[in-house]
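So you can see what is in the structure, the chains are spelled out below.
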Amino acid sequence: MNIVNRMKEILQIQKKAITALSINNHYEDAVDRIYNAQKEGFIVITTGMGKAGIIAQKMSATMASIGIPSFYLNPAESLHGDLGKVRENDLLIIFSHSGATSEVKEMIASLHKFHQQTNPTILVSGTSTPQFDVDVLISYGQIQESCLVSKVPSTSTTLMLIIADILAITAAEKLGFNDEWFKVRHPGGIIGKTYAKKDE
């Protein structure tokens, strides 16, 4: 194997998938739901299993840092008591490449039973036919994973991450996000020191 050529192939596969992404009204609907949840005092909860779950954790961390209260909920742990963290009307953003993740299916079914289907849901996925109820579906469609073992999440998680950033940043900016919001949430580290110097 020519390592350099293989790395270029991987890069090209992912670049092609990113270029194929297009913004549609589902993205706008998702941003509106995040915006409304924040304005109405509800929490934005992200969820997903495995590598998709890691992307969900990153989105939650991003939103919290830019002024949108959020936390990550592990679907498997939710079935062992953590459903109690979710209030009626809290918004769920789900990451599942297949749209058929068994733990997510069970969690959604249990949550709907628990709250009589009052929790709105957004799904970021590669499928157009998810196997659980969602209110907003953002599908990036069929893609080629960049690993020779095609089951390894790679291109799919790259797309999930980009979509997560698009939604989080756009929603925050719609809410009025600016330097002041960011400064008060980052008093420490290099970012905090940079803001402190500006205030001197």
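(A) Representation of helix 2 (residues 25-39). Taking 1.5 Å of rise per residue, 15 residues should cover 21 Å, and helix 2 covers 21 Å from first to last C-alpha, within 8% of that figure. Of all the residues in helix 2, the buried ones are Y27, A30, V31, I34 and A37. Within helix 2, the buried residues cover an arc of 125° as seen down the axis, which keeps them to one side. Opposite its buried face, helix 2 presents the exposed residues N25, E28 and K39, each directed more than 90 degrees away. Residues of helix 2 that are buried in the fold lie against strand 1 (44-47), helix 3 (50-65), strand 3 (91-95), strand 4 (121-125), strand 5 (136-139) and helix 6 (155-174).

(B) Summary view of the side chain of S154. Mapping S154 onto the fold places it in the loop between strand 5 and helix 6. Other than its neighbours up to four places away in sequence, S154 contacts Q14, E145, S146 and C147.

(C) Representation of unusual backbone geometry within the structure. In the Ramachandran plot, N89 falls in the positive-phi region, its phi being about 75° despite a non-glycine side chain. Considering the arrangement of structural elements, one finds N89 in the loop between helix 4 (75-78) and strand 3. Given a relative accessible area of 33%, N89 falls into the partly exposed group.

Reading the values: rules and limits
- Residues numbered from 1 in each chain as written.
- Predicted model: local features only at pLDDT ≥ 70, side-chain atom pairs only at ≥ 80, totals over all residues.
- Heavy atoms only, no water.
- Helix = DSSP H or I, 4+ residues; strand = E, 2+ residues; numbered from the N terminus.
- Expected span 1.5 Å × (residues − 1).
- Buried < 20%, exposed > 50% of the residue type's maximum accessible area, 1.4 Å probe, protein only.
- Arc of directions from axis to C-beta.
- Contact = heavy atoms within 4.5 Å.

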